[in-house]
Structures are given as C-alpha cells and as structure tokens.
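Observations on the model geometry
Listed below, chain by chain, are the residues.
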Amino acid sequence: MPRSSSSAASGTVPAVEIRGLRMAYGDKVAVDGLDLEVARGSITAVLGPNGAGKTTTLETCEGYRKAQQGTVRVLGLDPQADRRHLLPRIGVMLQSGGAWTGVRAEEMLRHIAALHAHPLPVPMLVDRLGLAECGRTPYRRLSGGQQQRLSLAMAVVGRPELLFVDEPTAGMDPQSRRDTWALLEELRGDGVTTVLTTHYMDEAERLADTVHIIDHGRMIASGSPFELTRGPGISTIKLVVTRPFPDHAPESLRRVLGPETEVSQVNAYSMLITGPADATTLGKVSAWCEEVDVLPESLSLGQRTLEDVFLELTGRGLAA
Amino acid sequence: MSLDTTTGGTFAPRPGSAPFGHQVLAQTRMEARLLLRNGEQLLLALVIPLLVLFGGVAAIRYLDLSLTHTPIDQLTPGVVALAVMSTSFTSLAIATGFERRYGVLKRLGSSPLPRHGLLLGKVGALLLVQLLQVVVVGGAALFLDWSPELSVRSLVGALVVAVLGTAAFASWGLFVAGALRAEATLAAANLVYLLLAAGGGVLVPAETYGRFSDVVGWLPSGALGEGLREALVDGTFPSGPALVLVAWAAIGTLLTARTFTWE
C-alpha cells in the first residue's frame, strides 16, 4: 500500500535526505562525503561545473547506482531496496536519450503515460511544451531542444511527487528555456518537489528556492540564491531618486544609518550604500528620503551573482 | 477510491503504476509496432524466409534430389524455424543493443514498468511477430501445396518446439545485447544468424551433414529445425530436440541474468 502510507508520511519526511554519500569510479572520487536535504514542495538546484558529481548524486537518488558509502533516502525510501515502491512516485528526466530512434514524439509520451495509473492528459502536455508541431516526428529527427522538452514531458506525465531533472535546459533555445522554467514553477505551485542539476547560474537564480553548490563531489555552499549572493552579511543597496539629491546628502544619510555603513554618491540621482542589507537599513533609507523630500524611484539590493560566489569559493568559473 | 488531499492543480501529484497487465500490454504493443516499422527487421522477418522458401523449392526440383517427401513438405518446417530464429535472436539482440545504447532501457528502468514486465513485453512482441511470420510463410507454403502432418501430437510438438526455440534464442540474443556494444551486437547477431542458417541444421535435415550430424543436432538451430521437421514431416513428438532447446534456454537465461546491464 505505498500510496496510503506515503500520504500519511508525506508531511514529515524530507523529499531527499543524503548523509555522507561517497561514490567513486575506480580511483576517481565522484562524490566525496555529501550531505544534502531537500524540503518538500521546493525547487532545489544542485549547481556545479561539469564533473562535479551532480549526475552521480542524482542517479543514486533515482536508484540507478548503489550508494557506496553513506545513506540516501528518497521520500523516506531506500532507492535501491524500495525501488518498486519509489519509482511510480518520482519523475526522472535524463540528461540525454531515453527514447527509441524510430518512435514518434507523441507516441513515446503516450507509452510512458500508459505505464502510470493517473497520467496527465497527453495533449495538454504536448501543447504546454510546444511539442504539437513535432508530435509525429520520429525521435531521431527532433532537434536537441525538442528532445529535451519531450524528455521533460516524460518525467512529469505520471504526476510524480518528486521530480529529478538533469540539466533540463541544456541546448535549448531561449523560448524553450522560458517554457521549461514556467512549467517547473507551475509544478512547484501545485506541490511537486523538484531537484535539478544545472551549470547555468541564471537558471538556479531564477528557479531555485535552495541552491547547493558542489565542486569535486563536495558541498561548498548552500542557501537561497539571495543568501548566497548577499555574501556574509554585507551587501550594497543602490538608491535612485526622481529629482537631484540636496547638498551634502551622503553625509546626512550616513548620520542616519550609523557608522558601519558606507555611503557614496554615484551621480545627482543615485547613491550606493554598503552595509547590512536588512529591513532596518531599508526603512531608515526611505525615512531619510521623506525627510529630505526626494522620491525613491528604485531601491535595489546589490547583485552578486552565483557565478561570482562560485568564483570566490573555487577561484574558477562555472561555465563548462 | 482514494480521497485526494491535493490542491487540485493541473500538476498536483497523483502518482501510481498502471496495473501490471496493462503495462505489459502497452510494452508489447509498442515493441511490436517498432519491430514492424523497421525496414531491415521486416526484411529479416518476412522477405528472407519467403525467398528461401521459393528458392529452396526451385533448387530441390532443379537438382532433382530424391526425397521421401515433396520439396515443399520437406522445406517448410525449416523455413518456419529460420523465421523464428531471425526474430527471437537477431532482431531481438539488435533492437535491445540499440535500446541500451540510446538510453531506452535506462529510461524505462525509472518508469513503473518492472524488469520482468519489460521482458514479458518483449516476449509478447516476439510472439506477435512470429505469429505473423507463421501466417505469411505457412500461407505461401499452402499455396505451393504444402500438406503437413496434422495431428494433435504433431501440432502440439511443433508449438512446444517453437516456444522453446524462442526462449532459447531470445535468452542468447539478450545475452549478446547485454555483453557487447550496439555495433558489435549488430555484427555478431547477423553473423551468427548467417552461419546457423547456412550450416546449423535449420533448413536441411541434420543427417545431410554427414559426420557432423550429431554436432548439428545439439545446436539450438539444429534442434529447432529438426524438432519442427519431426513434428510436421514425420508426425512424431520431438522430445529430443525439445530437451536440447530447454538446455540452451537454461544456459542463456543464466548468463543473461548474470551479465545483463541496463546501460
């Protein structure tokens, strides 16, 4: 009775729980003592360069590989021992392939749907992922992006609780990427948990609630994109106003904000504030604007990107 | 009926496997469709057996071989054996080899379809294609005045040998597909097919191989061909060939179970 027991336990068990996972191929260590937890209903991105151990970690969760050391629990189940109970509940998008060369796109999707008890309507999914124009095209003649979209459709058609997607938008055109992101966000809205690997930082920043950055099989940073890019408590706030600041504005603002804050004027309409980017600071800044009678046009938190974070942590870039 | 606690969104989770029988049926239909869609497979399954049937009858007449039965009666069981071998060994091995290469087996490995379900689906597809082959080859043979031994014993014997032959060849086909790369599987499966078709006792009786006749009788191809001839030409139950095929199926299954990988 996997269904009833799962709904009873669904609120309490994390979607994925990895403790001390170690995986090696011969001498080469792919995953080196990884701990990772995925909360239900979230989108979690595992970010890292090629060869960081992302796919190996994912495939261990999917039950393709046996954990050599450590434990892996997916929806509270052992992906190898409880494989048959787990598989119907998860959706898997492989990095490539996964269909017969001669099979038509829609035929393939219908086949996967037929293996599930309550599949999504195939025409809806075909339409959502822009596969209608290639529904009768044999798999080998689909473009790379079409193959990726079909692969995503196969992963979600069984209405899984938990979705594993490996590099979902690699090789996709911009429109397909946006469609894919929109679909993954809608899935989250409907309660589906997603774990995705990517080496695109914009993808992680845009989609993920939690980002785990891994390199050489080790977790080197975790947090929300905001937490990761904000840095250790310090950030920049950029203030842009609709009419020029009064004289001595930086000094006046610095007095309001206190000594741990740097204020510098960029031009007549904008200032850069460096310090703790919290609600108190923001409140003081807008109160000051009222006091000196300027109208803020924008008040934005400084943007370090995940790429910057990765560069700081490893001294290398993310791109493949 | 379970009460859903979900929010009712379009994608709200509602996981579950289709009933096992439905899954196997879906897999059978899919595999049979793909087998019949492929030109090379169709050539192997239907065109070559028909060419052998017509060509063989013409050759026997031309060479004026003295046989105890008419050429078509003598030849048809062997052509059916050839058809069974081409589908259950060569086609299956090649298709499975490329399924491994293109990640189809991996993809299905994370679907609700269990491995034994996939295997049953493949067997189902093989049997469907073989049924088509028997209808086409048998129909053509009847057109050439084929008159097989028709008794319960001969028909049951032929059916038993055909099923055991399918099991034996399919297990070895899967072994090859699991052990070799896709291109090597393609080459090996075709080569073995040609060698067994030419010298493996499929088409002509084992006794025509002279002092090799014993060896030929122990080959799966020889056992399948002899078995069908014993049943359909002589009207006896082919228990010897059946046992040989059981042994080949057992070894093939064991090897496949030990070595087959899904990637």
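Computed from a prediction, not measured in an experiment: that's the story for all the values here.

Quick look at the confidence of the model for chain B now. All names here are of chain B. Looking at chain B as a whole, the pLDDT averages 90, with 96% of positions reaching at least 70. Looking across chain B, the model is least confident in helix α8 (residues 213–218), with a mean pLDDT of 85, and most confident in helix α6 (residues 152–179), with 95. Low pLDDT, under 50, characterises residues 1–6; the predicted model gives this stretch six contacts beyond four residues in sequence or across chains. Across the interfaces of the predicted complex, the ipTM metric reaches 0.87, alongside a pTM of 0.81.

Okay, the packing of aromatic side chains next. In the structure shown here, the tally under the stated rule is five aromatic pairs over all chains. Judged by centre distance (6.1 Å) and plane angle (40°), the ring pair of A:Phe245 and A:Trp288 falls under tilted. Residue A:Phe245 is found in the loop between β10 (235–241) and α10 (249–257), and its partner A:Trp288 is found in helix α11 (residues 279–291); the two are separated by 43 residues along the sequence. For A:Phe245, a relative accessible area of 9% translates into the label buried. Under the relative-accessibility criterion, A:Trp288 is labelled buried at 0%. Judged by centre distance (5.7 Å) and plane angle (85°), the rings of B:Trp172 and B:Phe175 are edge-to-face. Of this pair, B:Trp172 and B:Phe175 both sit in helix α6, three residues apart, which is roughly one turn of the helix. By relative accessible area, B:Trp172 is classed as partly exposed at 22%. One residue, A:Arg177, lies across the ring of A:Tyr200, its end atom 4.6 Å from the ring centre.

Residue and element names in this part refer to chain A. In this structure the tally under the stated criterion is 24 salt bridges over all chains. Glutamate 37 is paired through a salt bridge with arginine 19; the nearest N and O atoms lie 2.8 Å apart. You can see glutamate 37 sitting in strand β2 (residues 28–38) and its partner arginine 19 sitting in strand β1 (residues 16–25), a full 18 residues away along the chain. The exposure class of arginine 19 is partly exposed, given its relative accessible area of 35%.

Now for the interface of chain B and chain A. Reports of interface size often rely on the accessible area that becomes lost once the parts have come together. Counting from both sides, the interface comprises 36 residues of chain B and, opposite them, 43 residues of chain A. Both sides of the chain B and chain A interface together cover about 3700 Å² of buried area, and 57% of this is carbon and sulfur. Remark: the boundary between chain B and chain A carries three salt bridges. Notably, a salt bridge pairs A:Glu107 with B:Arg33, separated by 2.8 Å at the nearest N-O pair. Here chain B and chain A share 19 residue pairs in polar contact (both at pLDDT 80 or more) between them. Counting residues per element, the ones that place at least two in the side of chain B that touches chain A are α1 (20–37) and α4 (104–109) of chain B. Ranked by residues supplied to the side of chain B that touches chain A, first place goes to α1(B) with eight residues. For the side of chain B that touches chain A, the residue count by class is 14 nonpolar, 12 polar and 10 charged.

Adjacent strands of a sheet pair through backbone hydrogen bonds, lying either parallel or antiparallel. All names here are of chain A. Taking strand neighbours across the sheet as the criterion, the six strands line up as β5-β6-β7-β3-β8-β9 in an open arrangement whose pairing is mixed. If you trace the sheet from one side to the other, it starts and ends with β5 (90–93) and β9 (218–223), each paired once. Recorded for the sheet is a direction-independent mean angle of 15° between the axes of neighbouring strands. Here strand β3 (residues 43–47) runs beside strand β7 (residues 193–198); their pairing, made up of five bridges, is parallel. Looking across to β7, one finds that alanine 45 is bridged to leucine 196. Packing of helix α2 (residues 54–61) onto the sheet brings it into contact with β3, β6 (162–166), β7 and β8 (210–215), and relative to β6 it is tilted by some 150°. Relative to β3, helix α7 (residues 174–189) is tilted by about 135°, and along the sheet it contacts β3, β6 and β7.

The rules behind each value
- Residues numbered from 1 in each chain as written.
- Chains lettered and ligands numbered in written order.
- Predicted model: local features only at pLDDT ≥ 70, side-chain atom pairs only at ≥ 80, totals over all residues.
- Heavy atoms only, no water.
- pLDDT = per-residue confidence, 0-100.
- Helix = DSSP H or I, 4+ residues; strand = E, 2+ residues; numbered from the N terminus.
- Contact = heavy atoms within 4.5 Å.
- Phe/Tyr/Trp six-rings, centres within 6.5 Å; stacked < 30°, edge-to-face > 60°.
- Buried < 20%, exposed > 50% of the residue type's maximum accessible area, 1.4 Å probe, protein only.
- Lys NZ or Arg CZ within 6 Å of the ring centre and 35° of its normal.
- Salt bridge = Lys/Arg side-chain N within 4 Å of Asp/Glu carboxyl O.
- Buried area = accessible area lost by both parts, 1.4 Å probe.
- Polar contact = N/O pair within 3.5 Å; in protein donor to acceptor, adjacent residues only side chain to side chain.
- Nonpolar A, V, L, I, M, F, W, Y, C, P; charged D, E, K, R; others polar.
- Pairing = 2+ DSSP bridges.
- Axes fitted to C-alpha atoms, helices over the stretch in contact; angles between N-to-C directions.

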